[in-house]
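# Architecture and fold: a report
If you want the building blocks of each chain, they are given just below.
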Amino acid sequence: MSFKKAAVLLCALCAAGASLTCAQARELLRVGTEPTFAPFEFLDTKTKEFSGFDIDLIRAVADKAGYDVKILNMGFDALLPAIMTGTIDVVASGMSITPEREESMAMTFPYLNNQIVCYVKADSDITSLADLAGKSVAVQNGSYAEELLLSDAYADAKASFADMPGFEDYLTALMDLQQGGVDAVIMDLVVGDYRINSMGAENLKAAFPLEDDNYGIGFRKDDLALRDKVQDILKEMKADGSL
């Protein structure tokens, strides 16, 4: 083969490779999460990768939809502003579906049903909302539990609290409860039980439920095409038993 023919063949192969690369290139989906919410989202200390139910779910859905995924770590109370300003495309972070959030973002149907409950020390005599009068009741900043207690429905109860400190994450709140810094923590049941078990905190317990808590995946308000595409895949996954 002459040098000229070899050069032509090499150029053709490079062009074909470039075309294949372009064909394989996929749009990037920027996913915001607050990775201290195990077992739904957390940073795996061994792999240094984001992991958890929500992370696995959004990766599986994105793959079916033809996207690559970039996970962005941010505080929970920063997720809504980030989706509204276009910093991220998706919120996958144990996001409770509420009327207030649905005014600011588009959300899927509930992919998981949970509960908001009150955690106290095991020897506490707190068994109802009324028992929280005069107590220090902790929440996570920006969480559904915080929204719930700030709503009109819980105005009287909140007014009876000694205070309602906000924490950046629930693990810190539960540790403060253990140490007596607060009297109760209002949070998600699945996450609370997971955290208490992983902490070996036998001195903490769930005292009583407040409300049901349904999780959805969030999108920009005007990005209904992406929301619908993801929602259709969630429906397929529910139908085939993979969700």
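Computed from a predicted model, the values in this text were never measured in an experiment.

## Brief notes about the environment of Asp-77
Within the secondary structure, Asp-77 is located in helix H3 (residues 76-85). Since its relative accessible area comes to 43%, Asp-77 is described here as partly exposed. The spatial distance from the C-alpha of Asp-77 to the C-alpha of Tyr-67 is 26 Å, given a sequence separation of 10 residues. With residues near it in sequence (within four places) discarded, Asp-77 still touches Asn-141 and Gly-142.

## As for the confidence of the model for the protein
The share of residues in the protein with pLDDT of 70 or more is 90%, and the mean pLDDT across the chain is 90. The low-confidence segment residues 1-23, where pLDDT is below 50, has 2 contacts with residues more than four positions distant or belonging to other chains.

## Focus on the packing of aromatic side chains
If you walk through the whole model with that rule in mind, you get 7 aromatic pairs. Between the aromatic rings of Phe-37 and Tyr-170, the centroid separation amounts to 6.2 Å while the plane-to-plane angle is 35°, which identifies the pairing as tilted. Taken together, the residues span a long stretch of sequence, with Phe-37 in strand E2 (residues 36-37) and Tyr-170 in helix H7 (residues 170-178) at a distance of 133 residues. Neither Phe-37 nor Tyr-170 differs from the other in exposure class; each is buried. With a centroid separation of 6.3 Å and 20° between ring planes, the pair formed by Phe-53 and Tyr-111 is classed as stacked. Taken together, the residues Phe-53 in helix H2 (residues 53-65) and Tyr-111 in the loop between strand E7 (105-107) and strand E8 (112-121) connect sequence positions 58 residues apart.

## Quick word on the sheet that holds E2
Hydrogen bonds along the backbone pair up the strands of a sheet, which may run parallel or antiparallel. Spatially, the 3 strands line up as an open sheet ordered E2-E3-E4, and their pairing is antiparallel. Each edge of the sheet is formed by a strand with only one pairing partner; in this case those strands are E2 and strand E4 (50-51). In terms of strand pairing, E2 meets strand E3 (residues 41-43) through 2 bridges, oriented antiparallel. Opposite Phe-37, over in E3, you have Glu-41 as the bridge partner.

## Re the pairing of strand E9 (residues 137-140)
Residues Val-137 and Val-139 point to one face of E9 and Ala-138 and Gln-140 to the other, with burial holding for every one of them. Bridging between E9 and strand E11 (residues 184-188) involves 2 bridges; their strand directions are parallel. Paired with Val-137 across the bridge in E11 is Ala-184. Direction of pairing for E9 relative to strand E10 (residues 166-167): parallel, over a ladder of 2 bridges. Its bridge partner being in E10, Val-139 is matched across the sheet by Gly-166.

## Some points on the packing of H2 against helix H9 (residues 224-240)
Where H2 contacts H9, the axes come no closer than 10 Å and their chain directions differ by 110°. When the interaxial angle is binned, H2 and H9 end up roughly perpendicular. Contact with H2, carried on its side by Leu-57, Ala-60, Val-61, Lys-64 and Ala-65, involves Lys-229, Val-230, Ile-233, Leu-234 and Met-237 of H9 and no other residues of that element. Here the residues of the contact of H2 with H9 are counted per class, giving 8 nonpolar, no polar and 2 charged.

## Thoughts on empty space enclosed by the protein
Here the structure, examined in full by the defined rule, presents 1 cavity of 30 Å³ or more. Considering only enclosed or pocket space, the largest cavity measures out at about 70 Å³ in volume. When contributions to the lining of the largest cavity are tallied by element, the ones reaching two or more residues are strand E6 (90-96) and strand E12 (204-220).

## Remarks on the environment of Ser-198
Its place among the elements puts Ser-198 in helix H8 (residues 189-199). Sequence separation between Ser-198 and Leu-57 is 141 residues, and the spatial gap between their C-alpha atoms is 22 Å. Separated by 2.9 Å, the side chain of Ser-198 and the backbone oxygen of Arg-195 make a polar contact.

## Here's the deal with the pattern of salt bridges
Within this structure, the stated rule accounts for 7 salt bridges. Close ionic contact of Arg-220 with Asp-223 constitutes a salt bridge, the shortest N to O distance being 3.7 Å. Using a relative accessible area of 21% as the deciding quantity, one classes Arg-220 as partly exposed. Two residues, Asp-228 and Arg-227, come together in a salt bridge whose shortest N-O distance is 2.8 Å. By relative accessible area, Arg-227 is classed as buried at 17%. One salt-bridge network, in which partners are shared between bridges, spans Arg-30, Asp-89, Arg-220 and Asp-223.

Criteria and cut-off values
Residues numbered from 1 in each chain as written. Predicted model: local features only at pLDDT ≥ 70, side-chain atom pairs only at ≥ 80, totals over all residues. Heavy atoms only, no water. Helix = DSSP H or I, 4+ residues; strand = E, 2+ residues; numbered from the N terminus. Buried < 20%, exposed > 50% of the residue type's maximum accessible area, 1.4 Å probe, protein only. Contact = heavy atoms within 4.5 Å. pLDDT = per-residue confidence, 0-100. Phe/Tyr/Trp six-rings, centres within 6.5 Å; stacked < 30°, edge-to-face > 60°. Pairing = 2+ DSSP bridges. Axes fitted to C-alpha atoms, helices over the stretch in contact; angles between N-to-C directions. Parallel < 35°, antiparallel > 145°, perpendicular 65-115°, else oblique. Nonpolar A, V, L, I, M, F, W, Y, C, P; charged D, E, K, R; others polar. 1 Å grid on protein atoms, 1.4 Å probe; cavity = no way out; pocket = protein on both sides within 12 Å on 5 of 7 lines; lining within 4 Å. Points joined across faces, edges and corners; volume = space filled by probe spheres on them. Polar contact = N/O pair within 3.5 Å; in protein donor to acceptor, adjacent residues only side chain to side chain. Salt bridge = Lys/Arg side-chain N within 4 Å of Asp/Glu carboxyl O.

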